Every structure is written in structure tokens, then in C-alpha cells.
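Residue-level structure breakdown
These are the residues of each chain, in order.
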Amino acid sequence: MDETAAFRQRDRRPEALGSLSVLPDETICVLLEYLAPRDIAHLACVSSVMYILCNEEPLWMSLCLRRAKGPLDYKGSWKNTTLHLEGVTQDNDRKPLHFDGFNSLYLYKRFYRCNASLDGFSFDDGNVERRRDISLDEFTKEYDAKKPVLLSGLADSWPASKTWTIDQLSEKYGEVPFRISQRSPNKISMKFKDYISYMKTQRDEDPLYVFDDRFGEAAPELLKDYSVPYLFQEDWFEILDKENRPPYRWLIVGPERSGASWHVDPALTSAWNTLLCGRKRWALYPPGKVPLGVTVHVNEDDGDVSIDTPSSLQWWLDYYPLLADEDKPIECTLLAGETIYVPSGWWHCILNLEPTVAVTQNFVNKENFGFVCLDMAPGYQHKGVCRAGLLAVDDENSEEMEEEETHGEDDSTLSYSDLTRKEKRVRMNGEEETENHEEDANGVSKRYNMWKNGFSYDIDFLSKFLDKERDHYNFPWSMGNSVGQREMRGWLSKLWVLKPELRNLIWKGACIALNAEKWLRCLEEVCTFHNLPSVTEDEKLPVGTGSNPVYLFSDYAVKLFVEGGLEQSMYGLGTELEFYDILGRANSSLKSHIPEVIASGILYFENGSYKVVPWDGKRIPDILTSSSLNFDASMLNSEFPFGIWNKTLLQQRNKGKPPAPDSFGSLSSHVWPYIITQRCKGKIFAQLRDDLTWSDAQNLATFLGQQLRNLHQLPYPPVTRPELLNANEGHEELKIPPEWKVFVDDLCHKKKDVTNRLENWGNPIPKALMNKIDEYIPDEFFVDLLHVFKDTDVGDEIKPCTWIHSDVMDDNIHMEPYADDDSVDGQHSSWRPGHILDFSDLSIGDPIFDLIPIHLDVFRGDTDLFKKLLESYGLPLIRSKSAAADSMRKKVLSPSYRTMCYCILHEDNVLGAMFSIWDELRTAESWEQVELTAWSFLNSY
């Protein structure tokens with residue numbers, strides 16, 4: 001017998017794993033992360049190898065971070081910390097088991113990364129240019145939005161250069177919780193002293209690090225310790241309100257081996273990063289050059305970008321050695337007191353060589369403004385090209401280039417168009433950690449030739465990859481964008497006003513992001529048809545944050561209906577015109593507080609030219625009837641074919657269905673309804689919120705109460721659609737009004753997917769509340785709500801429903817200046833409400849729905865102002881024909897309970913607004929607690 005065979009250990013893997021032994025260790029470790037901690041504990045008892053895999057610290061770290069929320073208390077190991085979160089007491093006397101006969105290269109490499117010390121690693125000074133005492137003009141010409149530079153001396157005068165050490169920060173801010181790097185979807189924080197304790201004892205492969213964008217709120221004194229360097233003073237995002245400005249500054253504290261893996265900064269902004277203590281190794285690639293080991297995902301629906309990348313330590317250990325010299329990144333070692341500038345679009349990766357403290361800020365200026373606008377334009381291909389160059393171009397558009405640059409190569413080394421139906425991936429290696437990194441690297445140099453051939457990080461070049469068929473107003477907005485869709489529009493509008501000297505640049509950005517040139521041409525055609533004056537240079541950009549292009553010029557306001565496509569636009573304007581027709585025939589003072597309608601119509605592009613036809617909402621326009629669209633007899637015979645009940649029927653038919661393409665098809669790309677109204681003088685409330693006196697605010701509350709009363713007393717059309725009347729079958733004997741039945745049915749449907757809807761908003765709703773929705777809104781709620789109008793012993797003067805504006809918010813209330821008794825020389829010093837704007841989202845339902853946005857958005861939760869509104873409103877909040885003593889329905893007759901239910905079921909992010917106003921709700925344990933905090937005062941009305 002071979003002498004070595006006698007000592008050869010038995011391989012216990014096949015027997016211990018059984019059928020699972022065919023899977024690589026990495027795959028099994030990934031699968032384990034999907035199990036609950038208690039299941040992991042049970043699985044560890046199955047076999048020796050499962051015991052080993054189930055006791056790996058990286059597994060328990062992943063399990064812990066997936067479950068942790070809020071403050072995290074590290075218990076010396078991730079397993080102990082997880083069991084503590086689960087309420088399990090750990091037996092510390094039990095010693096871990098040891099087994100021979102099992103070897104795993106995957107686990108060994110991970111163990112090595114967890115325990116590697118970087119003291120012995122040799123790094124040179126790098127090849128990033130170093131400058132000191134550079135002027136702003138020199139920086140702009142040589143580096144800004146062009147290439148990185150390492151700058152010395154910018155922090156010499158900062159107090160932080162002496163006080164931002166680990167020990168001093170821990171002594172002064174030890175009890176302050178700071179946010180931790182986002183390794184999970186939950187927001188995790190640690191007290192600084194607890195984090196330092198973790199930092200000193202951990203042996204993690206990719207350690208957590210402090211990465212807090214709200215450190216200025218958590219510890220305001222830190223903001224006094226540094227100032228923005230003179231080279232980076234310009235930031236165009238600073239004109240946004242505090243709540244709308246995207247995160248832009250971070251405190252960063254991390255141990256050896258921690259760092260930021262490969263990424264491109266959000267919205268293609270530029271950044272500066274100043275190190276106050278320690279050493280950081282930086283690697284950078286220019287825009288479009290995807291690092292080896294990185295996969296870029298771009299969602300084809302909304303353009304959302306995500307990146308799969310190894311940790312920074314793993315990349316330097318496993319990938320960096322495989323690169324030829326010409327393919328290596330630009331590198332440098334950042335020392336304490338130095339600042340590195342990272343231009344827009346540049347890939348970068350950072351590895352902490354020892355414990356470090358740093359501060360960084362991102363910014364937008366005139367040099368990178370175009371790229372920021374481009375990154376928030378609708379579509380996906382241009383986002384891929386900005387990050388991955390021509391590798392991200394669709395197959396059909398790059399087939400010729402692919403043949404020239406990669407002929408004869410193995411496609412597995414670099415897939416530039418690995419497509420699924422919903423997502424494009426651009427990758428620079430296989431996605432698994434295998435032994436094939438050298439094979440993956442073999443074709444990198446040749447593939448990078450493709451990146452060099454013709455690619456240019458130039459705004460004009462990159463704009464060629466925009467999807468011309470997609471428009472800002474009617475295509476999905478990426479959740480990964482730095483600002484919201486409304487905020488983006490408001491930002492451009494503010495820039496237009498505040499920076500007139502840079503309007504050429506701002507106009508170019510608006511054309512990229514909003515398709516502003518297209519909508520200006522449409523406006524010009526409408527103006528020509530109606531003999532309106534031409535817009536001036538000041539007026540050619542859409543104003544405000546609204547969901548459709550709105551232009552204010554001379555004495556006119558023009559709104560083009562675009563959002564959601566032509567079908568939604570037709571119903572939006574059609575319902576609004578039906579409402580104005582009813583209002584015109586009613587004896588209501590509301591008329592005086594809605595802008596006068598001057599004209600309305602349809603603009604369309606046909607045979608190379610624009611055409612305009614007037615439309616008052618009372619027939620189906622010829623451009624639609626002459627197409628292949630089919631309209632049923634009831635719609636053709638309706639006085640207002642796109643009025644409220646046909647709109648409601650369409651919404652009912654679309655219930656429970658995934659968002660479908662606009663049924664008006666290709667017409668959506670060249671047909672646009674519009675309305676022209678008298679321009680209101682003054683400003684919208686959103687612009688004046690902080691300038692109003694308390695007296696002005698009270699007058700506004702009174703005004704809103706009066707106008708809501710007028711709106712809710714206005715008659716609405718009877719339900720005539722047979723389909724909606726038939727929906728009342730089974731309830732005829734109860735005499736339940738059909739409009740009430742339609743309203744309650746809609747609420748019932750919204751309840752079915754309420755959990756998914758709330759989770760998609762991504763707001764900090766406590767999990768305990770999410771689990772109690774069914775308990776708070778049981779199915780009986782809808783039965784009780786339906787039956788409050790079943791009795792017939794009350795006169796018909798109580799209607800179950802009213803017109804609902806749906807959108808009385810701060811940008812739809814217009815204020816006008818006036819001179820009060822305190823005015824000097826006739827100059828006004830006060831503002832009074834004059835008009836309510838935008839009636840395109842009208843619906844029929846419970847009038848309480850109109851109170852929700854007013855309380856949350858206009859009054860920001862101020863109950864005194866809301867009580868003032870209710871004084872002038874003067875109508876019952878709860879409309880019912882049932883006896884008040886009906887104990888079975890007592891709860892549904894409670895104003896606060898019903899309002900809270902409507903908030904939970906609301907199709908807009910109402911709960912997000914509530915949790916932003918009342919911070920204490922983030923720890924609420926019941927919906928009753930939320931209800932009492934936000935709405936209890938309604939019960940005393």
C-alpha cells in the first residue's frame with residue numbers, strides 16, 4: 001500500500017451533503033442566506049459539513065443585517081448578535097466542534113480575506129496627479145469634470161485636521177448614533193462608542209463602516225470643524241429645499257480592510273473626499289471602462305442602475321493581479337490631510353489600509369450639469385453607455401463594432417449584451433467566484449479596445465443614445481435617481497430663474513431631461529392657433545413641479561396633457577371640462593376662485609405638420625374616431641365621453657391588471673390635449689410657505705374650508721354607465737347609491753395589494769405595523785362602510801359622495817399680494833389665497849379624501865390650522881343614513897378611524913408624509929397609535 005494513502009483523510013463532503021454535494025460551496029453558502037436563523041440552527045445538526053457551513057460568521061453577518069433595524073448592538077460575533085435579536089440565549093460554555101476531512105478553497109479564501117493584515121502590503125504613491133495651491137481657474141480648465149487630481153493643503157486650516165481622530169471622536173460623540181454602510185435594505189445605526197468597539201474586535205471580510213449622510217443633524221458641531229474647499233463651492237443642488245435636496249455629504253469612518261467597492265457616484269455628480277486620519281488606497285477608471293469583476297445592471301423599464309461587484313479587498317486580491325499594465329486603474333494612496341477630486345462618471349474603488357476618518361461631498365456645477373440631467377432622462381441605454389461605454393449598446397446597433405473588435409474571442413469572457421426581457425447586464429467576468437479569473441482576464445485588453453474605439457464621455461455623444469420615444473412626463477421614474485420626478489422639474493425651473501446668465505446650458509439640460517424643446521414647439525403651435533402672444537426667453541421653460549408641461553406667459557397659462565399617455569390625458573381633460581360645465585351652470589362662489597378657462601383643444605402632428613382643433617369635451621375628437629380605436633355605444637352617446645363615469649369605468653376595468661401600454665397606441669406620441677386658462681397673479685403657496693404671517697396662514701385655512709365646502713356641495717353627474725349600475729346587483733334592496741358602491745369597491749380592491757404597495761414606497765413603516773394591517777382594516781370594514789347608506793329614513797339631502805379634487809397641495813394653491821394696514825408706501829406686506837388650481841385628477845368619493853393632502857402637505861400636520869379650516873367648512877365629516885347608535889358600525893363612523901384607513905389604502909405615499917411629520921410614529925406598535933397622533937382631533941369636530 002502507498003505509505004501516504006494510510007494517512008490520507010476521508011473526504012466527508014459527499015456523505016455529509018448528500019445530493020447537495022453536486023453544488024459548489026459558494027452556491028450552498030448563498031442558499032443558506034435565504035433561511036431564517038432558527039432554520040440555520042436546525043440545519044447545523046444535520047451533518048458535520050452543514051455544521052461547518054452553518055457556523056460561518058459571514059453567513060450570520062448577512063442574517064443579522066437583513067433583520068436589524070435602527071440601533072445595532074454588536075455582541076462580539078455576528079452569530080451572538082443575531083441570536084440576541086431573535087431573543088435566544090446563547091450557551092457560552094459550549095465549545096465549537098472541529099472536523100477533519102473537509103477542505104474548501106472557497107472558505108479558505110474567504111477566511112484569508114477576513115484575517116488579512118494590510119501592514120505587509122506594498123503600495124506605491126500611485127499615478128494620480130498631485131497639486132498644491134492650485135487656483136480655481138486652473139482647476140476648472142485642467143481637472144473639473146475631466147480627470148482626478150490629488151490636492152494638498154485644502155484642509156490645513158480645518159479644526160477637523162487635529163480633532164477628527166478615532167479616540168477624540170469617540171470621547172466626544174460616543175453616545176451619538178451614526179448610520180452604517182448600507183449592507184441591507186434597512187437603515188442601521190450604531191452608537192459611535194459601540195461602533196469603535198466593533199471596529200477593534202471584528203474580523204469581517206468586508207467590515208461595516210460609518211457612512212452617514214445626516215451626521216450634521218446627529219452631531220451639528222461636526223459641521224463647524226470643516227468647510228467646503230474653495231474649489232468646490234458651487235453646488236446647484238443647494239437651491240433645493242432641505243427635504244428635497246438629495247444626500248450630498250457623508251462622514252466616513254472605517255477599519256482596515258473596509259472600503260467602498262467599485263461604483264460610479266449617484267446622478268453622475270462629481271465629488272471631493274478629504275482624509276483626516278489613516279491611509280486609503282484609491283483605484284479609478286475613466287467613464288465607460290467597466291472594471292474587471294464588475295457587472296452593471298440597467299433595468300429596461302425605468303432605467304434603474306445596480307452594480308454587482310466584489311468587495312474592495314477581494315478585488316485587489318483576486319482581480320488586480322490579473323490585469324496587464326495597460327489595463328490597470330489609475331491609483332494613489334491618500335494620506336491624512338489630502339483631498340482627492342473624482343470627476344463625473346469615473347469608476348472608483350477605495351480600500352482602507354488602516355483605521356480612517358474622512359468627509360466627502362458630492363456636487364453639481366456647470367461642468368457636470370449636463371451629465372446629471374442626462375442620467376435622469378427617461379430610458380436605459382444612455383445610462384448603460386455612461387457607465388459601460390459602447391459595451392452597453394444593443395446588439396443590433398453594435399453588431400458591426402462587435403465583429404471588428406472581438407472576432408474569434410470566447411463570449412464568456414465579456415458579455416456586453418447579456419439581455420433578459422427586463423434587464424441589460426454589462427459584465428467584465430463570470431458572476432461566480434471561480435478559479436477562472438485568469439481566463440476572464442485574457443480578453444480584457446482586446447475588449448477595452450472596444451471601449452476606446454469611438455466612445456467619448458461627451459454630452460453630445462452620450463445624448464445620441466437617448467430613447468427618443470420615451471418622455472419624462474409619461475415613462476417610469478427610476479427609484480435610484482437622486483431626486484424625485486417633481487423635484488427634478490422644480491429644480492430646473494428654479495435654475496432657470498436664478499441663473500439667467502447660464503440659460504443656454506440649462507436649456508440644453510432641460511432638453512435632455514424633459515424634452516423641453518419638443519414641448520416648446522407644441523406651445524408655439526397652440527399660441528399661433530389662438531392668436532396668443534409668443535413666449536419670451538424668460539418663459540420658454542415649463543414652470544413648477546406639476547406632472548404635465550405648464551407654461552406661464554403674458555396673461556395666460558397653458559397646460560399640455562402628457563402624463564400617462566394619451567388615454568389618461570383625454571380622461572384628465574375630459575373630466576375637468578365636464579366639471580367646469582357643471583360649475584358654470586351652478587350658483588357657486590367657487591367660480592371666482594378657479595382660473596377662467598379661455599380655450600381647450602387637441603394638438604396633433606400629422607403628415608409633417610402640426611394641427612390644432614378646439615375641443616370642449618362634448619364629443620370624441622375626429623383624430624380619435626378616424627383611427628382604429630373602438631368606442632362603445634354608451635361612450636359615443638355620452639354628453640362627455642371622457643367624463644367622470646367613463647373615466648371611473650376605465651379604472652375599474654384596469655383593476656388588478658399590470659400596467660398596460662396606452663390603449664391609444666401610437667397616437668400617444670403625436671396627439672396632445674391642452675387647456676388655456678387665465679394666468680393668476682402672484683405666487684403659489686409652495687413658494688411662500690416660509691414667508692407667510694400667522695394671520696395669512698389662518699386666512700388660508702379659512703379660505704380652503706370655504707372652497708372645499710363649495711366643491712363638496714356641487715352636484716355631480718348621475719351614474720349612467722350600465723356596467724357601474726350592474727355592479728350594484730345584490731344591493732338593490734338596500735338602496736345603496738351606485739356611486740357609493742363604486743367607491744367602496746375601489747377601496748376594497750386597494751386593500752388586496754396594500755402590503756406590496758407600501759413596501760414599494762420604501763418608507764420607514766415599522767414591520768409591526770405592516771403585520772397588523774389586516775387586523776386594523778378587516779374585511780368587515782368594507783361591509784360596514786357600504787351599509788352606512790343602506791337606510792331610507794333620511795332625506796335625500798345627504799349625498800354619500802362629492803367631487804374630490806384629490807390634489808389640493810402646496811403647488812395647487814395660488815396666493816395674491818395685497819396691501820394691509822401695515823403696508824408702507826402702498827407696498828404689499830401680506831398674501832391672501834385667490835385660486836385653487838388643477839382639476840384634472842377629479843374623482844367622486846368620500847369628501848374626507850380631500851382633507852388628507854391639506855393636513856399633511858399644506859398644513860404639515862398643524863392641527864390649529866386644520867381646526868380653522870373645519871370651522872369654515874361647516875359640513876359633516878361623516879355622511880351616513882344609518883343611525884348613529886348602530887353599535888355594529890360605530891367604528892366606521894369614527895372620523896379618525898375612517899381617515900386613517902383611507903391613508904393606509906391611499907394610492908399615493910401618504911404614510912410616508914405622516915412618518916416624516918411625526919418622527920415618533922417610526923416606533924409605533926399599533927395603527928391605533930398612528931391614528932391618535934395624526935387624526936384624533938377630528939373626533940371632536
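If you're wondering where the values come from, they're calculated on a predicted model, not measured in any experiment.

Within the protein one finds 39 helices and 27 strands. When the 941 residues of the protein are sorted by exposure, 54% land in the buried category. Considering only intrachain contacts with a sequence separation of at least 6, the fraction spanning at least 24 residues in the protein is 76%. Element-wise, carbon and sulfur atoms account for 48% of the exposed surface of the protein, whose accessible area totals about 42,300 Å².

On to the state of the cysteines. Taken as a whole and assessed by the stated rule, the structure comprises zero disulfides. Here C54 stays free of any disulfide, with the sulfur of C29 as its closest cysteine sulfur at 8.9 Å.

Attention now moves to the sheet that holds strand 20 (residues 597-606). Within a beta sheet, neighbouring strands are joined by backbone hydrogen bonds and run either parallel or antiparallel to one another. Strands sit in the order 18-19-22-20-21 across an open sheet of five strands; the sheet is antiparallel. Strands with a single pairing partner mark the edges of an open sheet, and in this sheet they are strand 18 (550-553) and strand 21 (609-614). Neighbour-to-neighbour, the strand axes of the sheet open up by a mean angle of 25 degrees, direction not taken into account. Pairing geometry for strand 19 (residues 556-560) and strand 22 (residues 671-678), over five bridges, is antiparallel. Along strand 22, the bridge assignment pairs Y556 with Q678. Seen against the sheet, helix 23 (residues 566-585) touches strand 20 and strand 22 and runs at an angle of roughly 30 degrees to strand 22.

Quick look at helix 31 (residues 754-761) now. Among all positions of helix 31, only V754, R757 and L758 are buried. Buried residues of helix 31, viewed axially, fall in a sector of 95 degrees; they line one side. Helix 31 presents E759 and N760 as exposed residues on the side facing more than 90 degrees away from its buried surface.

Below, the discussion takes up the pairing of strand 26 (residues 830-836). Within strand 26, six of the seven residues are buried, which leaves the element mostly enclosed by the surrounding structure. Here six bridges tie strand 25 (residues 813-818) to strand 26, and the two strands are oriented antiparallel to one another. Residue pairing for strand 26: I813 is matched across the bridge by I836.

Note that D119 resides in the loop between helix 7 (105-115) and strand 2 (130-132). C-alpha separation for the pair D119 and E354, spaced 235 residues apart in sequence, amounts to 8.2 Å.

Taken as a whole and assessed by the stated rule, the structure comprises 55 aromatic pairs. By the ring-pair criterion, three or more aromatic residues cluster together here, those being F139, Y143, W158, W164, F215, Y226, F232, W272, Y341 and F363. One residue, R245, lies across the ring of Y248, its end atom 3.5 Å from the ring centre. For K540, the ring lying beneath its charged end belongs to W507, and the centroid distance is 4.3 Å.

So, about a negative patch on the surface. A cluster of acidic residues, E563, D841, E907 and D908, forms a negative patch on the protein surface. Along the polypeptide, E907 turns up in the loop between helix 37 (895-905) and helix 38 (910-917). With relative accessibility at 52%, the residue E907 sits in the exposed group.

On to the packing of helix 28 (residues 694-713) against helix 35 (residues 848-858), then. At a minimum axis separation of 12 Å, helix 28 and helix 35 run at an interaxial angle of 165 degrees. Taken together, helix 28 and helix 35 sit at an angle that is classed as roughly antiparallel. As for the relative orientation of helix 28 and helix 35, their crossing is right-handed in sense. The segment helix 28 lies against helix 35, with L700, L704, L708, L711 and H712 engaging D850, L851, I854 and V858. Looking at the contact of helix 28 with helix 35 residue by residue, the class counts come to seven nonpolar, one polar and one charged.

In terms of residue burial, helix 35 counts as a mostly covered element, since eleven of its eleven residues are buried. Where helix 35 terminates, the next one or two residues include R860, which has phi positive at roughly 50 degrees.

All right, on to unusual backbone geometry then. The backbone of S554 shows a phi angle near 50 degrees, a positive value even though the residue is not glycine. Looking at the element boundaries, S554 is found in the loop between strand 18 and strand 19. Residue classification places S554 among the partly exposed residues on the basis of a relative accessible area of 34%. The backbone phi angle of S806 is positive, close to 80 degrees, even though this residue is not glycine. Assignment of secondary structure puts S806 in the loop between strand 24 (802-804) and strand 25.

Nonpolar side chains in soluble globular proteins tend to be buried together. Within the largest apolar cluster, 114 residues are counted, with the highest numbers of intra-cluster contacts made by F579, L624, L704, W740 and M914. Ranked by the residues each element gives to this core, the list is headed by helix 23, at nine residues. Among all residues touching M914, those that are not within four sequence positions of it are L856, M900, C903, L921, V930, A934 and W935. Core analysis: the next-biggest nonpolar cluster, separate from the first, contains 83 residues, I28, Y106, W282 and F363 among them.

Sheet topology places strand 20 next to strand 21; six bridges connect them, and they run antiparallel. Bridge pairing links F605 to Y610 in strand 21. Here strand 20 folds back onto strand 21, and the loop between the two strands holds two residues, one of which, N607, carries a positive phi near 50 degrees.

What follows covers the sheet that holds strand 12 (residues 330-335). Reading across from one edge, 12-9-14 is the order of the three strands in this open sheet, with antiparallel pairing throughout. The sheet is open, and its two borders are formed by strand 12 and strand 14 (347-352), each paired with just one other strand. Averaged over all adjacent pairs, the angle separating strand axes in this sheet is 20 degrees, with direction ignored. Judged from the six bridges that link them, strand 9 (residues 279-285) and strand 12 form a sheet pairing that is antiparallel. Across the sheet, A283 pairs through a bridge with E331, a residue of strand 12. Against the sheet, helix 13 (residues 312-319) makes contact with strand 9, strand 12 and strand 14, and its axis sits at roughly 100 degrees relative to strand 14, the strand it touches most.

Definitions and limits used
- Residues numbered from 1 in each chain as written.
- Predicted model: local features only at pLDDT ≥ 70, side-chain atom pairs only at ≥ 80, totals over all residues.
- Heavy atoms only, no water.
- Helix = DSSP H or I, 4+ residues; strand = E, 2+ residues; numbered from the N terminus.
- Buried < 20%, exposed > 50% of the residue type's maximum accessible area, 1.4 Å probe, protein only.
- Contact = heavy atoms within 4.5 Å.
- Areas by Shrake-Rupley, 256 points an atom, 1.4 Å probe, with all protein chains shown as cover.
- Disulfide = S-S within 2.5 Å.
- Pairing = 2+ DSSP bridges.
- Axes fitted to C-alpha atoms, helices over the stretch in contact; angles between N-to-C directions.
- Arc of directions from axis to C-beta.
- Phe/Tyr/Trp six-rings, centres within 6.5 Å; stacked < 30°, edge-to-face > 60°.
- Lys NZ or Arg CZ within 6 Å of the ring centre and 35° of its normal.
- Patch = residues over 30% accessible without salt bridge, like charges linked within 9 Å, V, L, I, M, F, W, Y side chains within 5 Å.
- Salt bridge = Lys/Arg side-chain N within 4 Å of Asp/Glu carboxyl O.
- Lys, Arg positive; Asp, Glu negative; His and termini not counted.
- Charge placed at Lys NZ, Arg CZ, Asp CG, Glu CD.
- Parallel < 35°, antiparallel > 145°, perpendicular 65-115°, else oblique.
- Left-handed = near helix turned anticlockwise from the far one by under 90°.
- Nonpolar A, V, L, I, M, F, W, Y, C, P; charged D, E, K, R; others polar.
- Core = buried A, V, L, I, M, F, W, Y, C linked by side-chain atoms within 4.5 Å.

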